[in-house]
Amino acid sequence: PTLEPTELSYLHILTVMDRAERPDLAIQYLTDYQAAFHRMTPAVLNAVLSSLAKSGWLTEAMDIWQRVVGGDGETADATTYRLMLIACVNARSPDMAEEIWEGFQTSQHWAQRDASH
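Cut-off values and rules
- Residues numbered from 1 in each chain as written.
- Predicted model: local features only at pLDDT ≥ 70, side-chain atom pairs only at ≥ 80, totals over all residues.
- Heavy atoms only, no water.
- Helix = DSSP H or I, 4+ residues; strand = E, 2+ residues; numbered from the N terminus.
- Buried < 20%, exposed > 50% of the residue type's maximum accessible area, 1.4 Å probe, protein only.
- Contact = heavy atoms within 4.5 Å.
- Areas by Shrake-Rupley, 256 points an atom, 1.4 Å probe, with all protein chains shown as cover.
- Salt bridge = Lys/Arg side-chain N within 4 Å of Asp/Glu carboxyl O.
- Patch = residues over 30% accessible without salt bridge, like charges linked within 9 Å, V, L, I, M, F, W, Y side chains within 5 Å.
- Lys, Arg positive; Asp, Glu negative; His and termini not counted.
- Charge placed at Lys NZ, Arg CZ, Asp CG, Glu CD.
- Phe/Tyr/Trp six-rings, centres within 6.5 Å; stacked < 30°, edge-to-face > 60°.
- Core = buried A, V, L, I, M, F, W, Y, C linked by side-chain atoms within 4.5 Å.

### Comments concerning the overall build of the protein
Argument step 1. The secondary structure content of the protein amounts to six helices and zero strands.
Argument step 2. Each of the 117 residues in the protein was classed as buried or not, and the buried ones make up 33%.
Argument step 3. Sequence-distant contacts in the protein: of pairs separated by 6 or more residues, those separated by 24 or more amount to 60%.
Argument step 4. Summed over all atoms, the accessible surface of the protein reaches about 7,200 Å², with 54% contributed by carbon and sulfur.

### Side note on the pattern of salt bridges
Argument step 1. Enumeration according to the criterion identifies two salt bridges in this entry.
Argument step 2. When the shortest N-O distance is used, the salt bridge between Lys54 and Asp18 registers 3.2 Å. Linking Lys54 in helix α3 (residues 42–55) with Asp18 in helix α1 (residues 7–19), this pair joins segments that are 36 residues apart in sequence.
Argument step 3. In this structure Lys54 comes out as exposed when scored by relative accessible area, which is 51%.
Argument step 4. According to the relative accessible area criterion, Asp18 is buried, its value standing at 12%.
Argument step 5. Arg22 is paired through a salt bridge with Asp24; the nearest N and O atoms lie 2.7 Å apart.
Argument step 6. The exposure class assigned to Arg22 is partly exposed, which follows from its relative accessible area of 35%.
Argument step 7. Residue class for Asp24 comes out partly exposed when judged on its relative accessible area of 35%.

### Some points on unusual backbone geometry
Argument step 1. A positive phi angle, near 55°, is found at Glu21, a position not held by glycine.
Argument step 2. Phi is positive for Arg92, which is not a glycine, with a value near 55°.
Argument step 3. Residue class for Arg92 comes out exposed when judged on its relative accessible area of 71%.

### Topic: a negative patch on the surface
Argument step 1. Among the surface-exposed residues, Asp95, Glu98, Glu99 and Glu102 lie close enough to one another that they form a single negatively charged patch.
Argument step 2. Assignment of secondary structure puts Glu102 in helix α6 (residues 94–116).
Argument step 3. Accessibility expressed as a relative area gives 43% for Glu102, which makes it partly exposed.

### What about the packing of aromatic side chains?
Argument step 1. Tallied over the full model, the rule gives six aromatic pairs.
Argument step 2. Relative to Phe37, the ring of Tyr10 lies with its centre 6.0 Å away and its plane at 90°, an arrangement referred to as edge-to-face. Here Phe37 lies in helix α2 (residues 23–37) and Tyr10 lies in helix α1, a separation of 27 residues in the sequence.
Argument step 3. With centroids separated by 5.1 Å and ring planes inclined at 40°, the aromatic side chains of Tyr33 and Phe37 adopt a geometry described as tilted.

### Concerning the side chain of Thr80
Argument step 1. Considering the arrangement of structural elements, one finds Thr80 in helix α5 (residues 78–90).
Argument step 2. Owing to a relative accessible area of 0%, Thr80 belongs among the buried residues under this scheme.

### Let's talk about the nonpolar core
Argument step 1. Residues Met40, Leu45, Leu49, Ile64, Trp65, Met84 and Ile100 are the most contacted members of the largest nonpolar core, which totals 31 residues.
Argument step 2. Among the secondary structure elements, those contributing two or more residues to this core are α1, α2, α3, α4 (58–69), α5 and α6.
Argument step 3. Aside from chain neighbours lying at most four places away, what touches Ile100 is Met62, Trp65, Tyr81, Met84, Leu85 and Cys88.

By themselves, these are just geometric observations and shouldn't be taken as functional.
This is the structure we're talking about:
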């Protein structure tokens, strides 16, 4: 019998890729995860972004950010924004960091507004 991968098994694999400093493999496992489950959780997204941030792979982080988070921001949490800022710092991209920070502030404004209504 074959074992089907679970969301938790993907999270474990992504954590190992992060610790092994293999962002290339983390991206591949993210693609496999999305094909299997057709969704994204903040934990999985953050595991991949952590690997990319440490390596300074800003272009790849931004590609994933655009593809996964897109315009709705549903899967982004405070950790997601923090990891994107770390990727910007490691890639020495202050302009992109400023853009990410502004997006975070906007998301927090709307979250507070929605909570008060």
